[in-house]
Every structure is written in structure tokens, then in C-alpha cells.
Amino acid sequence: MPVCNKFSSIAALSFCLLPSAFVTEVAAQEPAPLCPPTTAAFDFKAIQSAEPLAQDVIKVSANDAEIFDNERANFGGDVIIRRNNQWLFTESAQINQQQNVIDATGGVRFTDGYINVYGESFNFDGGTEVAKLRQTQYEMSTTNARGQAEQLEISPQHVNLLGSSFTTCPADNPAWQLTAERIEIDEESDFGRAWGAKLELFDVPVFYLPYFTFPVTENRKSGFLYPTIDSSSLNGVELEAPYYFNIAPNMDATVAPVLMSERGVMLKTEYRYLFADHAGQVNVNYLPSDDARVDNADRYLWHVNHNARFNEHWSAYLDVTQISDDNYLNDFGSEFAGRADTHLYRVAQLDYVERNWHLRMRTEDYELLGQFRSPYRTLPQLSLNYQSNQLEGLSLDWYNELTYFQNQVRTRNYATRIHSAPSLNYWFEEPAFDAEAEVSYLVTHYRQQNDNPALEDEVTRALPRARLRGRLNLERYFSQDGNEYRQTLEPQIQYLFVPYENQQNIGIYDTTLMQDDYNGLFRAQRFSGLDRIAEANQVTYGVSSSLFDQNERERLRLSLGQIYYFDDSRTQLLDSQSQVTSSNSEWVGDINWAIDSSWSLRSSIQYDTELNRTRKSQTALEYRLDNKNLVQINHRKATNILNSDIEQMGTQAVWQLSNQWQVAANVYYDLSNDRVNDAILGVQYSSCCWALRVSAYRRINRDLESASSAFAMQAAGNPAQFDNGVSLQFIISGLSSDSNSLIDMLEKSIYGYRRPFYLSN
């Protein structure tokens, strides 16, 4: 018998509070992928197909109903109270409108299609507007999150759970659960409070907190993050316990003390901020009196990154990383630089853009790691670039630069460089071919102060440069095995001329030899920077061909090219290795091949036909089933790098053996020195609601400071020493946010994972 009245509406308000408190708490938890599907406690199809009600209308139905003077009503047998998408089921319910009381007995069930709640009894006091449910259990209908409470007290603004628990394990004896004497949730707050809470693993209490707060929405909350435990032959046992500060919706911070048994205690800090016009972060790591070093020196790293846009014209960028010593990255690693990096790059710049003009003020600095010559800083560099609009294919570019350099160590060595380079370009394009002609005039003036007597105090260099380039754009369509393909063929040729000028009276401030690939063959200069402009009387020729499928995805690209020198290039940097004494450059070839949806191959090679040997090459063959299953084999070779040859063979793999077991490994073998430079192995077991990850590594110790550490002193006389370590991590699904695949673990190695091929549209 349906009953809809004012008193029933008050009761329905209580029912609404119950699911909202739990939904916001558990909704942020990701479903455990290994858990079996949750068996629905209700026939949701029947519920969803029920006749819809008007908004906020209450409907009560039962097998039996007794109404007394329109003040009291008793309902019995399959009592159903329904409002919107919320359903309450019980065997017996009594309503006393005079006393504003509702009682339900014989078992209570509640659902809104997302959360299910079970209880022995239900009581609502309209005078205090408090509803009480006793001996309750709850579970999520779409995930395995569930729990119980001896008593739930619900008011319009608060929900109290007494003797409650929470877990994501579906078994009757969960692997873990969180219990608390009391949990209070404020409807107007994003966070709840718990008293007498403890974490139980396999029925064993492992962590107790007399009081803590927790989020009931997706909003962030200050508190401890999960600790990590590692071990290393360099650092000993490492224990890290980070604490997170939710300062404001647009800024946060993390402070993480790290205890290293061989070195001491390091403090890691991070501050992040995000505003409408600027964003960035600041990191500071500090270890006082490193016990593993002979000199007990302080070790530190600080990093600042900032992006700002003031208006449509002005913007700024800052990226600076500083370390205490060259061995810092090898000993501790960093997310801002790799362990194998040879330098740190820092830059700060301010940009102004107005139509065809671009003004930039920049200061940049390189810190070379190891025993190398000290580089120069730009303090600062001011550049002004003008690019005109094309008029019948004709355009004018004018680049201007004023730079002050100062040596990092020998501060009395400095220089001022003024450079101006007007350039006239003509571009002609048709569907079947395109061509480009460029004429530039490069004028550079130096004022130098240097200890090297070969460098003049003032030098002016003026060089013209001419470049002609043409390319054919051919294509054909064909069918093979029932598939449609489009093949392109792009032969191109370029002539470059720059006269020779002796530049040994100019210092090297920001110039280095650029690496060559196929596209690099067609550059207009051989050196980066402006301190050396190599003479050129050369022709570059090459051809590139691509194969596209019917979805216009590039399946294969082959490129091959070479430079023919009419004259030798005498311009050099610090030694004669940068000179060109051959009539031909190495043949440069590139291949990018998406063999199928899983297999891919990428290779680049530079082959010297005069010496009949490969000067540089890198090749990677990868089978990638998905993000959890891949195998990659790669090879790299380079000759005459710092008077030595490098040749390495590597393999990386991540494979999911079953739903529970996943393994990851990489090995990089140094063929030149017959040794393993880097190796890592990780195994992860994942259950429905917990996971255990064990990893071990062995990597070469890049000691860049001779006899700076106790480890280096012990390794004297042995040219290659290694750092070994293991890591153990226990992950709780539903409480931990670590859901990464083991592929992310490979990024921590010296030679991190790199995907060799991307399909281009």
C-alpha cells in the first residue's frame, strides 16, 4: 500500500546522507583488476526497469499495512521504501508521525545502484534528525571496496561510524583491512576523521594511529605517503618516509627524510604551484656530512623550473639544476638528470613577440661532469630576430645577437660577441617538386680577454653563405594482398657554399660539432653556435621513401644520403678531428619500419666507405604487445669518442606471465670492454588487493671525482667498480596509488627504456 507524506520525506533525507558519505570516500579507488566480479546483492535490472517516480516523491509498499489515526503506521512483509534511485528494503517498519520516529527491523538493505548497505535495524528520530543503523555492512556494486560498522549514526551534516572497517579484498578473511573505533564524516568537508585506527595485514596489526584525517572526495589531503625501502652497496639500507602538504588547491609540497645507513640522513623537498599565467616547482635535496666520503662533504641538489606568460607578447622560462659535486647523480640519481648524463644545462630567458619580431634575453650555463675543460656561461645573450611574410615566395630574415661570455673557472677569461645575419630566401613549391634558394651574410665581431696568446683582443669576421636545394615529390598507389598502399619517393639535392677564413684567433665559447643524421646532412652549418663557421663547397644528395597504408599511417620510411666535398674543410674546433679531409662524407642511412601492430624496427647508421667501417650506428628491434608486454633488443656503436670506441648491446623486457606474475629486466653489455655496464631485474606478484614487488640492480659506478669517496678509495687499482642494490615494495590496492607497470622501473636504470618507433599520420 503506497504511503507518501511529509513524515516519509524526513526519513528519506536520512537515506540520502548514508550513500553520499561512503560514495565520496571510495569512488577515488581504482578497481582491483585481479579481483573477481562482485555479485550484485540486488536485481538491478528490475530496479532500473521500475516505473519512474517524480523527483523527490516517496513511495512505500508492503504486503501488510496498518494505519492508526493518520499518526502511526505499521508495515510488514517485503517493505520497500523508494525515492529517486534510492531503495530501502526491510521486513518490518513502523512510522510514528506524532513522535517523529521511524523504526525498521528484520534486516535492512539499502542501494542506489552504486553502494549497498545491510543492517539489522534502522531508527530515525525526527527531533534530533539522527538516524541509527546497527550491525551494518556495506559494499560497492562496481568495485570490491567494502566494510562494516557496529553502528552508523546519520544526521543532516554528519555521519558517525562506530567500530568500522574498510578493505578492497573480497574474501571473508581479507589480506588487509583498516579498522577504527570511530569515524566521523562532515558533509560540508572534503575530509573525515578517525580515532583509534589501525591497519591489519593478514589479521596482524602493523600500524596504529590514535587519530588521523582522510579524504572522502578526490580532493588532496596533507599526510604521510607510503614509505619505500631500498638497499645499495654505495648507500646501504635506504628508508624514505615522505609527508605531503596540501597547501592550497593550486599548490602543494612534499618533504621526505631519507635515512641511508652508509651516508646519513638526506632531506628531500618539493614545492609545486600552478596559476593562470605561471607555473613551476622548486626542489631541494640536502645531505649534511656524507659519511661515505673521505672529506665528509655536504651533498645537495636544487632545481627550479618556472614558466610564465604575462600577456600575449611577454613570456618567461627558467630551468636550473645545481648539484654539489660531479658524483651526485651517480650516487643518488635524480628525476631532472640521468645517471649517465655528462652535463647539466641551465637556462633563463625572457621573450617578447610582436608580429614578425622576436626579442629574447637569455642566460645559459653548462656544467660539465667530470674532468673536462671549464665551459663558458652566457651572461647574458640578447637576440632580435625578424621574419617577414612571404611575398611571391620571397622572404627576408634578419637575426641579430649580442652575447657576453665568461669562463666558469677562469673568470678573467671573457668575451663579447656581436652578430648580425641578414638572409634573403626564395621558396618555390609545386605538387611534384619544391625548391629553395638562400643567400646570407654573416657578420660577427668579438672582443676577447683570454690567457691564450693565440686569441686576438678584437676580431671581425664577415662571411657570405649561399644555399640551393631542390626536391622531387613523387608518389604512387598500389595494391598488395588486398591492401591499398601509397608510396612516396623524395630525391633531393643541395649545394652549399661558404668561403674559408682562418678563425683560430677566435675562442670556443658555445660551439660544438653537430651529430649527423639524414636530415642533418642538409643543414647549412656543420657546427652549432657561431665561433666556427666552416667553409663549404659541397653537394648533398639523398633520397627518402615512405610507405603509407590505407589509413595514412606511415608503415616504412627509408632514407639514404651523403655529402660530396669539392674542397677540404680546414676549419676545426679544438683539434684536427673536426676537419674534413675526405672527398665524401660517410653514407648516412635511416630506417623506420612498423612491421606490424606489435613489431617495429628503427636503425640509423653512418658508414665510412674509405675505411670500410661503421663510424656510428644505433638499432632497436621491439616487440610490443601492450604496455605490460614488450621485448626490445638494441645495439649502439660510436668510434673515436674522446679517443675511444664505444659499442654496446642491450636488451629490455617486461612481460606479464599471468594475471598475478609480471617480470621486467634489462641488460646492457659493453662489447668494447667485455663487461656488463647496467643490469636490473624486477618481479611483481599481484593479488586482488595487494602486490609485492622485488627488484635488484647492478650498474657501473661512474666515479667522476678521483679518491673523493671511501668507495673510490677501496676501488683503487680496479678500473671498473659496480653498485649493487635491491628493493622491496609492498603495495596495498585501495590505499596505495602505485599502479604503475614494471616498465616504469626500467626508467631508473642508467640506460632507461626508449620506445624506438612512433607511427606518424
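Residues numbered from 1 in each chain as written. Predicted model: local features only at pLDDT ≥ 70, side-chain atom pairs only at ≥ 80, totals over all residues. Heavy atoms only, no water.

In summary, soluble globular proteins display a tendency toward joint burial of nonpolar side chains. Counting residues in each nonpolar core, the largest one holds 38 residues, and the members touching the most others are Phe75, Phe122, Leu161 and Trp176. Counting residues in each nonpolar core, the second largest holds 12 residues, with Val258, Phe332, Leu344 and Leu369 among its members. (Core = buried A, V, L, I, M, F, W, Y, C linked by side-chain atoms within 4.5 Å. Buried < 20%, exposed > 50% of the residue type's maximum accessible area, 1.4 Å probe, protein only.)

Turning our eyes to something else, we now look at the environment of Arg82. Locating Arg82 in the fold gives a position in strand β3 (residues 72–83). Sequence-wise, Arg82 and Ser61 are 21 residues apart; in three dimensions their C-alpha atoms are separated by 8.6 Å. (Helix = DSSP H or I, 4+ residues; strand = E, 2+ residues; numbered from the N terminus.)

Averaged over every residue, the pLDDT of the chain is 81; residues scoring 70 or more account for 82%. Segment residues 1–33: pLDDT under 50, and 82 contacts once partners within four positions in sequence are set aside and those in other chains are kept. Low pLDDT, under 50, characterises residues 757–761; the stretch is placed with 15 contacts to residues that sit more than four places away or in other chains. (pLDDT = per-residue confidence, 0-100. Contact = heavy atoms within 4.5 Å.)

Time to look at the pairing of strand β5 (residues 101–111). Of the strand pairs in this sheet, strand β4 (residues 86–96) and β5 are connected by nine bridges, and their pairing is antiparallel. Note that in β5 the partner of Leu88 across the bridge is Phe110. The antiparallel hairpin formed by β4 and β5 contains four residues in its connecting segment, where Asn100 sits at a positive phi of about 55°. As judged from the four bridges shared by β5 and strand β7 (residues 121–125), these two strands associate in the antiparallel manner. (Pairing = 2+ DSSP bridges.)

Enumeration according to the criterion identifies 19 aromatic pairs in this entry. The positively charged end of Arg570 is found above the aromatic ring belonging to Tyr500, 3.7 Å away from the centroid. If you follow Arg698 out to its NZ or CZ, it ends over the ring of Phe722, 4.2 Å from the centre. (Phe/Tyr/Trp six-rings, centres within 6.5 Å; stacked < 30°, edge-to-face > 60°. Lys NZ or Arg CZ within 6 Å of the ring centre and 35° of its normal.)

On to the layout of surface pockets. Estimates place the volume of the second largest pocket at around 540 Å³. When contributions to the lining of the second largest pocket are tallied by element, the ones reaching two or more residues are β25 (376–387), β26 (394–407), β27 (414–430) and β28 (433–449). Across the lining of the second largest pocket, the residue classes tally to nine nonpolar, nine polar and five charged. (1 Å grid on protein atoms, 1.4 Å probe; cavity = no way out; pocket = protein on both sides within 12 Å on 5 of 7 lines; lining within 4 Å. Points joined across faces, edges and corners; volume = space filled by probe spheres on them. Nonpolar A, V, L, I, M, F, W, Y, C, P; charged D, E, K, R; others polar.)

The next point concerns unusual backbone geometry. Across the junction of Leu379 and Pro380, the peptide omega takes the value -10°, indicating a cis bond. Here Asp78, not a glycine, exhibits a phi torsion of approximately 50°, which is positive. Relative to the assigned elements, Asp78 resides in strand β3.

A few words now on the side chain of Asn592. Within the secondary structure, Asn592 is located in strand β34 (residues 587–594). With a relative accessible area of 7%, Asn592 lands in the buried category. At 3.4 Å, the side chain of Asn592 and the side chain of Arg602 are in polar contact. (Polar contact = N/O pair within 3.5 Å; in protein donor to acceptor, adjacent residues only side chain to side chain.)

So, on to the pattern of salt bridges. For the coordinates displayed, the defined rule picks out 33 salt bridges. Ionic pairing is found between Glu436 and Arg469, a salt bridge with its closest N-O pair at 3.5 Å. One end of the pair, Glu436, is in strand β28; the other, Arg469, is in strand β29 (residues 458–472), with 33 residues separating them in the sequence. The salt bridge partner of Arg465 is Glu438, with a shortest N-O separation of 3.6 Å. With a gap of 27 residues between them, Arg465 in strand β29 and Glu438 in strand β28 connect regions that are remote in the sequence. On the accessibility criterion, Arg465 (15% relative accessible area) is buried. Among the charged side chains, a salt-bridge network with shared partners connects Arg263, Asp290, Arg293, Asp295, Arg299, Asp325 and Asp331. (Salt bridge = Lys/Arg side-chain N within 4 Å of Asp/Glu carboxyl O.)

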